Amino acid sequence: MRLEGKRTLVTGAASGFGKGIAETYIREGAKVAVVDLNEEGAKAVARELGENAIAVTCDVSKGDQVQAAVDATVEAFGGLDIVVNNAGWTNPNSPLMETDEETFRKIYDINVVSIFHMTKVCVPLWRKSGGGVMLNIGSTAGIRPRPGLTWYNSSKGAVNLMSRSLAVELAPDNIRVNCIAPVMGATALLEQFMGVPDTPENREKFIATIPMGRMSQPRDIANAALYLGSDEADFITGVVLEVDGGRTV
Ligand SMILES: NC(=O)c1ccc[n+]([C@@H]2O[C@H](COP(=O)([O-])OP(=O)(O)OC[C@H]3O[C@@H](n4cnc5c(N)ncnc54)[C@H](O)[C@@H]3O)[C@@H](O)[C@H]2O)c1
């Protein structure tokens, strides 16, 4: 029960890493707001998680919707201790010149602007309550980029650095900000990263670049999010923790 009594909000929790984080947080005694654009998916996950979970439909790229999601969480749980900015998106792996401006902006809106909105909503709340924890899901893509994902890679570079900068500026407020940088994992986004189609041969090509010889799994990311979210990590801020089987070494 390493998160007993913690009131948490996880974005993009209807699937993949976010769902894994939500499951782990519930198991460890937290209350979890399952926040996602996918209304049905969020409701299904919240139902699975039981009475300590609520589902909230929200497009994290829209400031008013982020405000409403945080308000709904505070109303349901009586406060908010940990926020995990996990929702993310990329266009399929493709040459950089083929991406149009609308797609570029969508990548940044979902991956980067979302954290701006969440920060604007949570910091006043946490300044009043005496502190809080933000975890951002960055990526090894922002540390050791692969070709074909330039705009996504750069958005995750922004997430990685933004986390460190938020950490240093918000430390006096007892607000910890850390980042988790996963290597490629078998989630709904996998085919977008590798390029279509998802074949065993195509996967092998990517796995060959990971020293520990496998992709990441939701439990790997969830275990890192458990530690960084818990009070065991109460002197840890500004870290970009690679969960990558050695990919970025
Ligand atoms: N899978 C990987 O290989 C990998 C590697 C490194 C980092 N990441 C990052 O991990 C995070 C989770 O991705 P995943 O791999 O679990 O993919 P996923 O597609 O399974 O999950 C992403 C979730 O985010 C939700 N979402 C998308 N746009 C949203 C929006 N505007 N508002 C609210 N919710 C929205 C989706 O509905 C989905 O439930 C992302 O930030 C991704 O960039 C993934």
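These numbers come from a predicted model, not from an experiment. (Residues numbered from 1 in each chain as written. Predicted model: local features only at pLDDT ≥ 70, side-chain atom pairs only at ≥ 80, totals over all residues. Heavy atoms only, no water.)

**Regarding the overall build of the chain**
Test applied: Only runs of H or I of at least four residues qualify as helices and only runs of E of at least two qualify as strands under DSSP, and these elements are numbered from the N terminus. Relative accessibility thresholds used throughout: buried, under 20% of the residue-type maximum; exposed, over 50%; partly exposed, between the two (1.4 Å probe, protein chains only). Only heavy atoms matter for contacts: two residues are in contact if any of them lie within 4.5 Å across the pair. Areas reported here follow the Shrake-Rupley algorithm with a probe of radius 1.4 Å; residue values treat only the protein chains shown as occluding. Positive charges come from Lys and Arg alone, negative charges from Asp and Glu alone, with His and the N- and C-terminal ends not counted. To locate a charge, the coordinates of NZ of Lys, CZ of Arg, CG of Asp or CD of Glu are taken.
Of regular secondary structure, the chain possesses eight helices and seven strands. Along the longest, intermediate and shortest principal axes, the C-alpha atoms of the chain span 50 × 35 × 35 Å. In the chain, buried positions account for 51% of the 249 residues. The long-range share in the chain, meaning contacts at least 24 apart out of those at least 6 apart in sequence, stands at 69%. In the form shown here, the chain has an accessible surface area of approximately 11,500 Å², with 54% of it arising from carbon and sulfur atoms. The positive charge centre, built from 24 side chains, and the negative charge centre, built from 30, are 3 Å apart in the chain.

**So, the site of the ligand**
Going by this rule: One heavy atom suffices: a residue is near a molecule or strand as soon as one of its heavy atoms comes within 4 Å of it. Pairing of N or O atoms within 3.5 Å defines a polar contact, subject to two protein rules: one partner must be a possible hydrogen donor and the other a possible acceptor, and residues neighboring in sequence count only if both atoms are side-chain atoms. For this classification, Asp, Glu, Lys and Arg are treated as charged, while Ala, Val, Leu, Ile, Met, Phe, Trp, Tyr, Cys and Pro are nonpolar and the rest, including Gly, are polar.
Residues in contact with the ligand amount to 28 residues; listed here are only the nearest, Ser 15, Asp 36, Tyr 152, Gly 185 and Thr 187. For the ligand, an oxygen atom lies 2.7 Å from a polar atom in the backbone of Asn 86. Side-chain polar atom of Lys 156 to an oxygen atom of the ligand: 2.9 Å apart, as the coordinates give it. Starting from 830 Å² of accessible surface for the ligand in isolation, the protein chains cover 93%. Considering only residue class, the shell around the ligand consists of 15 nonpolar, ten polar and three charged.

**Digging into the packing of aromatic side chains**
The description of an aromatic ring pair rests on the distance of the ring centres and on the angle between the ring planes. Cut-off, in case you're wondering: Stacked, tilted and edge-to-face are the three classes applied to pairs of Phe, Tyr and Trp rings, where Trp contributes its six-membered ring and a pair requires centres within 6.5 Å; stacked means planes under 30 degrees apart, edge-to-face means over 60, and tilted covers the rest. Two limits define a charge over a ring: the Lys NZ or Arg CZ must be within 6 Å of the ring centre, and within 35 degrees of the ring normal.
Per the stated rule, a full pass over the model turns up three aromatic pairs. For the ring pair Phe 104 and Trp 151, a centre distance of 5.4 Å and an interplane angle of 85° mean the geometry is edge-to-face. A residue pair is termed long-range when its members are at least 10 positions apart, and Phe 104 in helix H4 (residues 101–129) and Trp 151 in helix H5 (residues 150–170) qualify at 47 residues. Residue Trp 151 is classed as partly exposed on the basis of its relative accessible area, which comes to 27%. An aromatic cluster is built from Phe 104, Tyr 108 and Trp 151, whose rings are joined through pairwise contacts. Its end group placed over the ring of Trp 89, Lys 106 keeps NZ or CZ at 4.1 Å from the ring centre.

**A look at the pattern of salt bridges**
Pairing between side chains becomes possible if they bear opposite charge and their charged atoms approach one another. What counts here: A side-chain nitrogen of Lys or Arg and a carboxyl oxygen of Asp or Glu constitute a salt bridge if their distance falls within 4 Å.
This structure, assessed with the given rule, holds 13 salt bridges. Among the salt bridges present, the one from Glu 48 reaches Lys 19, with a minimum N-O distance of 3.7 Å. With Glu 48 in helix H2 (residues 39–49) and Lys 19 in helix H1 (residues 16–27), this pair connects stretches of sequence that are 29 residues apart. The residue Lys 43 makes a salt bridge to Glu 39 at a minimum N-O spacing of 3.0 Å. Placement of both Lys 43 and Glu 39 in helix H2 is noted, with a separation of four residues, approximately one turn of the helix. With a relative accessible area of 36%, Lys 43 lands in the partly exposed category. According to the relative accessible area criterion, Glu 39 is partly exposed, its value standing at 37%.

**A look at the packing of helix H3 (residues 63–77) against H4**
Counted only if it meets this: Note on method: axes are straight lines fitted to C-alpha atoms, helices fitted across the in-contact stretch only, with angles between N-to-C directions ranging 0 to 180 degrees. Reported orientations rely on four angle classes, namely roughly parallel under 35 degrees, roughly antiparallel over 145, roughly perpendicular from 65 to 115, and oblique for the rest. Should the near helix be turned anticlockwise from the far one by less than a right angle, the crossing is termed left-handed; should it be turned clockwise, right-handed.
Direction vectors running N to C along H3 and H4 enclose 40°, while the axes themselves pass 8 Å from each other. With respect to H4, the element H3 is oriented oblique. Considering only the axes of H3 and H4, their crossing is right-handed. Judged by residue contacts, Gly 63, Val 66, Gln 67, Val 70 and Val 74 of H3 engage His 117, Met 118, Val 121, Cys 122 and Leu 125 from H4. Looking at the contact of H3 with H4 residue by residue, the classes come out as seven nonpolar, three polar and no charged.

**Let's talk about the sheet that holds strand E2 (residues 31–36)**
Paired through backbone hydrogen bonds, the strands of a sheet run either parallel or antiparallel to each other. How we decide: At least two DSSP bridges between two strands are required for those strands to pair.
Read across the sheet, seven strands follow the order E3-E2-E1-E4-E5-E6-E7 without closing on themselves; strand pairing throughout is parallel. Of all strands in the sheet, those with a lone pairing partner are strand E3 (53–57) and strand E7 (240–243), marking the two edges. Ignoring which end each strand starts from, the neighbouring axes of this sheet average 20° apart. Relative to E2, strand E1 (residues 7–11) is paired through five bridges, and the arrangement is parallel. Counted as the bridge partner of Thr 11 is Val 35 from E2. Running at roughly 165° to E1, H1 makes contact with E1, E2, E3, strand E4 (82–85), strand E5 (132–137) and strand E6 (175–182) of the sheet.

**Structural notes on the packing of H4 against H5**
Two elements in contact, H4 and H5, have axes whose closest approach is 9 Å; the angle formed by their N-to-C orientations is 15°. Classified by the angle their axes make, H4 and H5 are roughly parallel. As H4 packs across H5, the resulting crossing turns out to be right-handed. Each of Phe 104, Ile 107, Tyr 108, Asn 111, Val 112, Ile 115, Thr 119, Val 123 and Arg 127 in H4 lies in contact with H5, whose residues at this interface are Trp 151, Tyr 152, Ser 154, Ser 155, Lys 156, Ala 158, Val 159, Met 162, Leu 166 and Leu 170. Split by residue class, the contact of H4 with H5 holds 13 nonpolar, four polar and two charged.

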